[in-house]
Amino acid sequence: MNDTNIEVAIAAPNVAVVTLARPPVNALGRDIREAMLRVFDRLEASAEVRCIVLTARGHVFCAGADIKEKKTFDDGDGDYVRANRLIRDAFFCIVDSSKPVIAAVNGAALGAGFVLAACCDMILAADTAVFGMPEIDVGQGGGASFLQRILPPSKVRRMMLTGERVPAAELYRLGAVEACLPTADLLPAAIALAGTIAAKSPAAIRRIRGSFSVVGALDMREGFRIEQVYTTELSTSPDGAEARRAFLEKRKPVFAEPASDKRTG
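Residues numbered from 1 in each chain as written. Predicted model: local features only at pLDDT ≥ 70, side-chain atom pairs only at ≥ 80, totals over all residues. Heavy atoms only, no water.

What is the right way to look at the pattern of salt bridges in this model?
Overall, the coordinates contain 13 salt bridges when judged by the stated rule. In the salt-bridge network here, residues are joined through shared partners; they are E242, R245, E249 and R251. (Salt bridge = Lys/Arg side-chain N within 4 Å of Asp/Glu carboxyl O.)

This is the structure we're talking about:
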């Protein structure tokens, strides 16, 4: 399932590992963003995959947007318009995935690279990793919409206005990073967490994962009402019935494999 600058492997039952492989710093240009869309579309349609780990090859997770590529843009030809559309799509193919995505940040995650990690459901980071938004130093900006999902607004503003780099341990203290681990332990821990999630009901994973973005845009009363609708659907589903039987019988549940997962748009 490999694509240009991206490697994909099944690392555990129902767990796919997506690895950015665009040396030397996994910068996000048009080629790797288009590859991400193809890869995540295939994973979305795969019945075999229930959870995804996103990581990178080398010592840098992602250094952000490819600045050299932007030097070739012709604004009068619509290059920025097309690039911005692709940038949005590359981020939202993660945000909109029906399957949970865990970022295993093995090194520096800067600018669009930090945003890429923030698009995921959880971030695990190596204790040597750093995070930053250095766009202000190269005449660019953007990303607060994503970062404010995981960090206090004041911290986001400081990072974006100063360009400072923050160690993974500090983001762990702030709750933006789920775990801060030695580099050698990072990917095994992310795969193990993904395996725990993948062992749950596929129907429940899709419903709960899909509810996060929906309820986040609603007030508390309406958001909880939507969650109750999802819960009722799950309770009356075959997976829900099997989960309750397994609980009462003190055994592991055996869930039916979904035929396939199709993106709804």
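Would you mind going over the sheet that holds strand 3 (residues 51-56) with me for this structure?
Two strands in a sheet stick together by hydrogen bonds in their backbones, pointing the same way (parallel) or opposite ways (antiparallel). Here 6 strands make up an open sheet; going across it, the order is 1-2-3-5-7-10 and the pairing mixed. The sheet terminates laterally at strand 1 (6-12) and strand 10 (179-181), the two strands that pair on one side only. Across the sheet, the axes of successive neighbouring strands diverge by a mean angle of 20°, strand direction being ignored. Two strands pair when backbone bridges link them, and strand 7 (residues 122-126) and strand 10 are joined in this way by 3 bridges, in the parallel orientation. Paired with A125 across the bridge in strand 10 is C180. Here helix 8 (residues 183-198) sits on the sheet and contacts strand 1, strand 2 (15-20), strand 3, strand 5 (101-105), strand 7 and strand 10; the angle it forms with strand 7, its principal contact strand, is near 160°. (Pairing = 2+ DSSP bridges. Helix = DSSP H or I, 4+ residues; strand = E, 2+ residues; numbered from the N terminus. Axes fitted to C-alpha atoms, helices over the stretch in contact; angles between N-to-C directions. Contact = heavy atoms within 4.5 Å.)

What is the right way to look at the sheet that holds strand 8 (residues 130-132) in this model?
Strand order in the open sheet formed by 4 strands is 4-6-8-9, and the pairing between neighbours is mixed. Taken across any chain shown, the strands that pair with only one partner, and hence form the sheet edges, are strand 4 (60-62) and strand 9 (165-167). Adjacent strand axes in the sheet meet at a mean angle of 20° when their direction is disregarded. Pairing between strand 8 and strand 9: 3 bridges, direction antiparallel. Paired with F131 across the two strands is V166, which belongs to strand 9.

Sorry, what's going on with the packing of helix 9 (residues 202-216) against helix 10 (residues 220-235) here?
Between two packed helices, both the angle of their axes relative to each other and the distance between the axes serve to describe the pair. Their axes nearest at 10 Å, the elements helix 9 and helix 10 cross at an angle of 170°. Looking at the two axes, helix 9 sits roughly antiparallel to helix 10. For the pair helix 9 and helix 10, the contacting residues are A203, A204, R207, S211, V214 and V215 in the first and G223, I226, E227, Y230, E233 and L234 in the second. Grouping the constituent residues of the contact of helix 9 with helix 10 by class yields 7 nonpolar, 2 polar and 3 charged. (Parallel < 35°, antiparallel > 145°, perpendicular 65-115°, else oblique. Nonpolar A, V, L, I, M, F, W, Y, C, P; charged D, E, K, R; others polar.)

Which parts of the structure should I look at to understand the side chain of R50?
With respect to the element layout, R50 can be found in the loop between helix 1 (30-45) and strand 3. Residue classification places R50 among the buried residues on the basis of a relative accessible area of 8%. In terms of polar contacts, R50 uses its side chain to reach the backbone carbonyl oxygen of A198, at 3.1 Å. (Buried < 20%, exposed > 50% of the residue type's maximum accessible area, 1.4 Å probe, protein only. Polar contact = N/O pair within 3.5 Å; in protein donor to acceptor, adjacent residues only side chain to side chain.)

In this structure, what is going on with helix 6 (residues 153-162)? I would like to understand it.
Buried within helix 6 are the following residues: K155, V156, M159 and M160. Down the axis, helix 6 shows its buried residues gathered within 125° of arc, on one side only. Turned more than 90 degrees away from the buried face of helix 6, the exposed residues are S154, R157, R158 and L161. For helix 6, the elements touching its buried residues are helix 4 (112-118), strand 8, helix 5 (144-147), strand 9 and helix 7 (168-174). Taken from the residues just after helix 6, G163 is the one with a positive phi, measuring 75°. (Arc of directions from axis to C-beta.)

Got a minute to help me understand the confidence of the model for the protein chain in this structure?
Detail in the predicted coordinates should be disregarded across regions flagged by low pLDDT. Chain-level pLDDT for the protein chain is 90 on average; 95% of the residues reach the 70-or-more range. Every residue in residues 261-265 is under pLDDT 50, and counting partners more than four places away or in other chains gives 11 contacts. (pLDDT = per-residue confidence, 0-100.)

Would you explain the pairing of strand 3 in this entry?
Across a regular strand the side chains alternate sides, sitting on one face of the sheet and then on the other. In terms of burial, strand 3 is largely enclosed, as 6 of its 6 residues are buried. Residues of strand 3 alternate between two faces, with C51, V53 and T55 on one and I52, L54 and A56 on the opposite face, all of them buried. Summarising the sheet, strand 2 and strand 3 pair through 6 bridges and their orientation is parallel. Residue pairing in the sheet places V17 in a bridge with V53 of strand 3. Between the parallel elements strand 2 and strand 3, the chain passes through helix 1 in a crossover that is right-handed. Of the strand pairs in this sheet, strand 3 and strand 5 are connected by 3 bridges, and their pairing is parallel. Residue V53 lies in a different strand from strand 5, and its bridge partner there is I102. (Right-handed = clockwise from strand over helix to strand, strands pointing away.)

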